[in-house]
Amino acid sequence: MSTTTVNFFEAATEAERREAETRSLCCCEYIGQDKQPFHILGCCCNCEDCDLVCTRLITCKRIEQRNIDGMLIAFQDRLRLPWRGGAKRISLAALAPAIILPIMMGLAALNAKTAIIIMLTLMVFTYWGLQIAERTATKTSFFLSWIVFSVIYMALIFECEVPLLELLPIENNILLLLSLGAICLWYRIKKLAPLNLVTAQYGTTPKDELPGITEASSGEEQAEQQAHESIRLKGDTVLGIDGDDDDDDAAINSSEHAGLMQHAAQPNICDTCRKVTPRHAYHCAVCGSCVKRRSHHSYWLNCCIGENNYRLYLAALVLSECALLLGANLTLTAVCHPFLVVRLLSLPLLLPDDCSEVFEDFELGISFIVAGYAMLISCYIAFVLVRQLYLLWRGTTMHEYKRAPAHNGNRNRVWSNWRAILN
């Protein structure tokens, strides 16, 4: 029996053992780092590092860094939420937005100066955090949790604090449909993200060959055939020399044609994971795998946007933009003095006129802040949407454009690019 088969059976046995242990746990128990059952009520019990840190703190002795790290690791492992089949660990990065957002909104609702400072700080903090995550290729759930809690808080404040008597039922229903549609699309994008990853099929390949051959993505065979055909035509054009040329020129052109055909026949090999990948598949350092037709890694969704979820990504951006703009407009016209712009299909189109009195009442102030927060998010989404549409018009992806922005895209294929994404 080969070593691979033995490792496979050992992994399967270990998975079955863990599954059996999980089935025997109650909702408040979990398997700790020492592989022993533990209860969430004992979060501060049996922690030697915590006891040592507290003792040295009381006795004014030096606390070593390894004891602090051990205490923090133990607390993070014991921060759990009761769940069926065993308590689930709560990530500190996912929990932070639930605390930061209400504090930020509450402070911003005090007065106009505080609101401006909070919003500017939020934009700087977001840009700085995204730059750090992109530079270090960190896989974090902080930004996804930020979006989830932002939607929850905005929905709660809109339904509880905004004076709904100022809104028409049809306006509230349209906003609800747009919001639910956008949420369903984002959820679907997240679920389809694993299908973008290139999976290796390990089989009976010799040791001196590549470890895995991946399946081709949809349409790859047709694209490769078209590439071979174009190269063949190009080679025929190169070989179509005049009769006055000598045999040396013909030999050189023949070698160039052979080189082109050999380059087209070579498989795409990832420099990082050493897999044979489909065309337009690139490695994602955050996901740790190659992604089919990779556009970019979305830190807001904590997944890659690629072949299977790119169209849904564009649709979700459009619905989210419409929902945020509509929600912000309905909120501002409800808490401010509105004026009528035009009537469309017997529905009045209102815009806010005077919002100078919103900070005199906390409920109006928090509603105004949520509307401004929604407008900030809508501006960011509009920027992302316009950028993606521009790249679609150029016939390229975000990843390819960043690699070679001056040589990417083909402006003569505008309509074919749009037909490819809509079909």
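Quick summary incoming for the structure in this document. What you are looking at is a predicted structure, and each value in this text was computed from that prediction instead of being measured.

## Some words on the state of the cysteines
Within the structure shown, the criterion is met by one disulfide. Here Cys336 pairs with Cys355 through a disulfide, and the sulfurs are 2.1 Å apart. The S-S bond linking Cys336 to Cys355 shows a torsion near 115°; that makes this disulfide right-handed. Linking Cys336 in the loop between α10 (310-335) and β13 (337-344) with Cys355 in the loop between β14 (347-354) and α11 (362-394), this pair joins segments that are 19 residues apart in sequence. Here Cys336 falls in the buried class, since its relative accessible area comes to 6%. The closest cysteine sulfur to the non-disulfide-bonded Cys284 is located on Cys304, 3.3 Å from its own sulfur. Accessibility expressed as a relative area gives 0% for Cys284, which makes it buried. Here Cys287 stays unpaired: no disulfide links it, and the sulfur of Cys304, its closest cysteine neighbor, is 3.7 Å away.

## Section: the nonpolar core
If you look at the biggest cluster of nonpolar residues, it comprises 49 residues, and the most contacted ones within it are Leu101, Met104, Met105, Phe143, Trp146, Met154 and Tyr373. Only α4 (92-108), α5 (112-136), α6 (142-160), α7 (169-192), β12 (303-305), α10 and α11 provide two or more residues apiece to this core. Residue contacts for Met154: discarding those within four places in its chain leaves Leu324, Val370, Tyr373, Ala374 and Ile377. In this structure, Phe158, Leu178, Ala323 and Ala334 belong to the second largest nonpolar core, which totals eight residues.

## A few points about the packing of aromatic side chains
Note on aromatic pairs: each is described by the distance of the centres and the angle between the planes. On inspection of all chains with the given rule, the structure shows twelve aromatic pairs. Both rings, one in Phe143 and one in Trp300, keep their centres 5.2 Å apart while their planes meet at 75°; by these two values the pair is edge-to-face. One end of the pair, Phe143, is in helix α6; the other, Trp300, is in the loop between β11 (296-298) and β12, and 157 residues separate them in sequence. Classification of Phe143 as buried rests on a relative accessible area of 7%. On the numbers, 5.9 Å between centres and 75° between planes, the contact of Trp186 with Tyr313 is edge-to-face. Here Tyr313 lies in helix α10 and Trp186 lies in helix α7, a separation of 127 residues in the sequence.

## Some details on the side chain of Thr396
Mapped onto the fold, Thr396 is located in the loop between α11 and α12 (398-403). A relative accessible area of 8% places Thr396 in the buried class. In this structure the side chain of Thr396 is engaged in a polar contact, spanning 3.2 Å, whose partner is the side chain of Glu400.

## Concerning α6
The terminal C-alpha atoms of α6 lie 26 Å apart, and with 19 residues this matches the ideal 27 Å at 1.5 Å per residue to within 8%. For α6, every residue scored as buried is listed here: Phe142, Phe143, Ser145, Trp146, Ser150, Tyr153, Met154, Ile157 and Phe158. Its buried side turned inward, α6 meets α4, α5, α7, α10 and α11.

## Quick notes on the packing of α5 against α6
The contact between α5 and α6 brings their axes to 11 Å, and the two run at 145°. For the pair α5 and α6, the contacting residues are Leu122, Phe125, Gly129, Leu130 and Ala133 in the first and Phe142, Phe143 and Trp146 in the second. Among the residues forming the contact of α5 with α6, the class breakdown is seven nonpolar, one polar and no charged.

## A look at a nonpolar patch on the surface
Among the surface-exposed residues, Leu92, Leu95, Ile99, Ile103, Leu107, Leu110 and Phe362 lie close enough to one another that they form a single nonpolar patch of about 650 Å² accessible area. No other element matches the five residues that α4 contributes to the nonpolar patch. Along the polypeptide, Leu95 turns up in helix α4. Leu95 gets classed as partly exposed once you look at its relative accessible area, which sits at 32%.

Definitions and limits used
Residues numbered from 1 in each chain as written. Predicted model: local features only at pLDDT ≥ 70, side-chain atom pairs only at ≥ 80, totals over all residues. Heavy atoms only, no water. Disulfide = S-S within 2.5 Å. Helix = DSSP H or I, 4+ residues; strand = E, 2+ residues; numbered from the N terminus. Buried < 20%, exposed > 50% of the residue type's maximum accessible area, 1.4 Å probe, protein only. Core = buried A, V, L, I, M, F, W, Y, C linked by side-chain atoms within 4.5 Å. Contact = heavy atoms within 4.5 Å. Phe/Tyr/Trp six-rings, centres within 6.5 Å; stacked < 30°, edge-to-face > 60°. Polar contact = N/O pair within 3.5 Å; in protein donor to acceptor, adjacent residues only side chain to side chain. Expected span 1.5 Å × (residues − 1). Axes fitted to C-alpha atoms, helices over the stretch in contact; angles between N-to-C directions. Nonpolar A, V, L, I, M, F, W, Y, C, P; charged D, E, K, R; others polar. Patch = residues over 30% accessible without salt bridge, like charges linked within 9 Å, V, L, I, M, F, W, Y side chains within 5 Å. Areas by Shrake-Rupley, 256 points an atom, 1.4 Å probe, with all protein chains shown as cover. Salt bridge = Lys/Arg side-chain N within 4 Å of Asp/Glu carboxyl O.

Shape is all these values report; function is a separate question.
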